[in-house]
Amino acid sequence: MRDPFILAGNEIAAGDRRLINLPMPDLSSQTGIYMPVHVLHGKRSGPVLFVSAAIHGDELNGIEIIRQVLASRTLSRIKGTLIAVPVVNAYGLIHVSRYLPDRRDLNRVFPGSDNGSLAARLAKLFIQEIVSVCTHGIDLHTGSGHRTNLPQIRADLDDPETERLARQFGVPVMLNSSVRDGSLRGSASEMGIPTLLYEAGEALRYNDMAIRAGVSGILNVMRALDMLPATRASRGKVKDPFVARSSRWIRAPESGMFRADVGLGAQVSKGDIVGHIASASEGTRHEIRSLHDGVIIGRMELPVVHEGDAVLHLARFKDDIDEVGSHVEMFQQDHGSVD
Ligand SMILES: [Zn+2]
């Protein structure tokens, strides 16, 4: 029989699944608070994959994605070990906030430290108990600040194994990003653990397309890692995604009330009208035009904006833009976009 898996001093026998609650620093009321960690330790050996959500406590789609992945019956055939952490930042979740009680952004303080801020201690706990025992990782996020994202993968595509897995996730657009920004993805990658960041939907809202694409993406990556058997339906199903050459935000040219004229995933050409800024009081309205050809991968959903606010995220491609556009459209149809 294969050896048990050890996580934070807990033994999980081969073939078992367990929920381990990792203690974190108490709430100010001295109420205990825990990081829930699901461990599925397969009978046969293979990679050790972590999937994490709600590092930002108001990003909820990932919590539901992990719930659905854990409910998937195909996991009974798992090779290797899945470590799923649906709520990394429970402090943020209970306050419906992106941040920690000390107002720090957890995803800027990795790898953390034992003696630093609450955020740094939590980051250190996650690195020490979860990341350091894994071979691969997927971190789930949504847009922030009232912005919503077309499902997309951000990863260090210069690393071959990371790129291979990113392509297998099954979303149409990938962004190459190797920045060292204190993020979990950055720290894990520096430890030699290929890690994908999945960005989809918006904070504080469930989004069906984001959830569906996230669940199938994680299972696709597990198949690519040979942690799950390929099914007849899955074999050859993942369409090769497009890597954005660059991406940039179109910014509000003036303050006022923003209204987008294009949806997520829309293909736009240079000079197209993509939105308007109206005056809340004077009845005037000015158009916003796209400066480039591309595809809309992020959008401000809150109309109230100031001059300079990022309102539409435009990805540019080397590839034929019509091909990218039709792939995105097909993906949205397949995943039931209501946008
Ligand atoms: Zn996030």
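Residues numbered from 1 in each chain as written. Predicted model: local features only at pLDDT ≥ 70, side-chain atom pairs only at ≥ 80, totals over all residues. Heavy atoms only, no water.

S.K.: How would you explain the overall build of the protein if you had to name every residue and give the values?
M.R.: Across its full length, the protein carries 7 helices and 18 strands. A globule of 339 residues ought to have a C-alpha radius of gyration of about 20 Å, and the protein, at 21 Å, matches this closely. Along the three orthogonal principal directions, the C-alpha set of the protein runs to about 70 × 55 × 30 Å. Counting every position in the protein, which comprises 339 residues, the buried fraction comes to 52%. Considering only intrachain contacts with a sequence separation of at least 6, the fraction spanning at least 24 residues in the protein is 69%. If you sum the accessible surface of the protein, you get close to 15,500 Å²; carbon and sulfur atoms cover 46% of it. Treating the 38 positive side-chain charges of the protein as one cloud and the 40 negative ones as another, the clouds have centres 5 Å apart. (Helix = DSSP H or I, 4+ residues; strand = E, 2+ residues; numbered from the N terminus. Rg over C-alpha atoms; globule rule 2.2 N^0.38 Å. Buried < 20%, exposed > 50% of the residue type's maximum accessible area, 1.4 Å probe, protein only. Contact = heavy atoms within 4.5 Å. Areas by Shrake-Rupley, 256 points an atom, 1.4 Å probe, with all protein chains shown as cover. Lys, Arg positive; Asp, Glu negative; His and termini not counted. Charge placed at Lys NZ, Arg CZ, Asp CG, Glu CD.)

S.K.: Please provide a residue-by-residue account of the coordination of the zinc ion, values included.
M.R.: Surrounding the zinc ion are the protein donor atoms His56 (ND1), Glu59 (OE), Glu59 (OE) and His141 (ND1), which sit 2.0 to 2.4 Å from the metal. Spacing between the donor residues of the zinc ion along the chain follows H-x2-E-x81-H. One end of the pair, histidine 56, is in the loop between strand 5 (44–52) and helix 1 (61–71); the other, histidine 141, is in strand 7 (residues 136–143), with 85 residues separating them in the sequence. Like histidine 141, histidine 56 is buried. (Donors = N, O, S within 2.8 Å, 3.2 Å for Na, K, Ca; no water.)

S.K.: Lay out unusual backbone geometry with the relevant residues and their values.
M.R.: Of the consecutive residues phenylalanine 110 and proline 111, the connecting peptide bond is found in the cis state with omega at 5 degrees. Within the secondary structure layout, proline 111 lies in the loop between helix 2 (90–94) and helix 3 (118–129). Its identity is not glycine, yet alanine 8 carries a phi of approximately 50 degrees, on the positive side. Within the secondary structure layout, alanine 8 lies in the loop between strand 1 (5–7) and strand 2 (10–12). Judged by its relative accessible area of 31%, alanine 8 is partly exposed. Positioned with a positive phi, aspartate 226 is a non-glycine residue whose angle comes to about 65 degrees.

S.K.: How would you summarise the pattern of salt bridges if you had to cite specific residues and measurements?
M.R.: In the structure shown here, the tally under the stated rule is 12 salt bridges. In this structure, glutamate 163 engages arginine 167 in a salt bridge whose closest nitrogen and oxygen atoms are separated by 2.9 Å. In this pair, glutamate 163 and arginine 167 are both assigned in helix 4 (residues 160–169), 4 residues apart and thus about one turn of the helix distant. The exposure class of arginine 167 is partly exposed, given its relative accessible area of 22%. (Salt bridge = Lys/Arg side-chain N within 4 Å of Asp/Glu carboxyl O.)

S.K.: With reference to specific residues and values, describe the sheet that holds strand 14 (residues 273–278).
M.R.: Read from one edge to the other, the open sheet built from 4 strands follows the order 15-14-12-17, with strand pairing classed as antiparallel. The open sheet has two edge strands with one neighbour each: strand 15 (285–289) and strand 17 (304–305). Examined bridge by bridge, strand 14 and strand 15 share 5 bridges and lie antiparallel to one another. Bridge assignment links isoleucine 273 to a residue of strand 15, and that residue is arginine 289. (Pairing = 2+ DSSP bridges.)

S.K.: With reference to specific residues and values, describe the side chain of serine 177.
M.R.: With respect to the secondary-structure elements, serine 177 resides in the loop between strand 9 (173–176) and helix 5 (184–190). For serine 177, the side chain forms a polar contact with the side chain of arginine 185, separated by 2.5 Å. (Polar contact = N/O pair within 3.5 Å; in protein donor to acceptor, adjacent residues only side chain to side chain.)

S.K.: With reference to specific residues and values, describe the packing of aromatic side chains.
M.R.: The tally for this structure, following the rule as stated, stands at 3 aromatic pairs. Measuring from ring centre to ring centre gives 6.5 Å for phenylalanine 110 and phenylalanine 126, while their planes differ by 85 degrees; the resulting arrangement is edge-to-face. Taken together, the positions of phenylalanine 110 in the loop between helix 2 and helix 3 and phenylalanine 126 in helix 3 put the pair 16 residues apart, joining distant regions of the chain. One aromatic cluster is present, built from ring pairs that chain together Phe50, Phe110 and Phe126. If you follow arginine 147 out to its NZ or CZ, it ends over the ring of tryptophan 249, 5.6 Å from the centre. (Phe/Tyr/Trp six-rings, centres within 6.5 Å; stacked < 30°, edge-to-face > 60°. Lys NZ or Arg CZ within 6 Å of the ring centre and 35° of its normal.)

S.K.: Describe in detail the environment of valine 324, supporting the description with residues and values.
M.R.: Note that valine 324 resides in helix 7 (residues 321–334). Separated by 77 residues in the primary sequence, valine 324 and serine 247 have C-alpha atoms spaced 14 Å apart.

S.K.: Can you explain helix 4? Please cite residues and give values.
M.R.: An α-helix turns once per 3.6 residues; consequently, residues spaced three or four apart project the same way. Buried within helix 4 are the following residues: Thr162, Leu165, Ala166 and Phe169. An end-on view of helix 4 places all buried positions within 105 degrees of arc, on one side of the element. Its buried side turned inward, helix 4 meets strand 7, strand 8 (147–155), strand 9, strand 10 (195–202) and helix 6 (208–224). Phi for glycine 170, located one or two positions after helix 4, is positive at around 105 degrees. (Arc of directions from axis to C-beta.)

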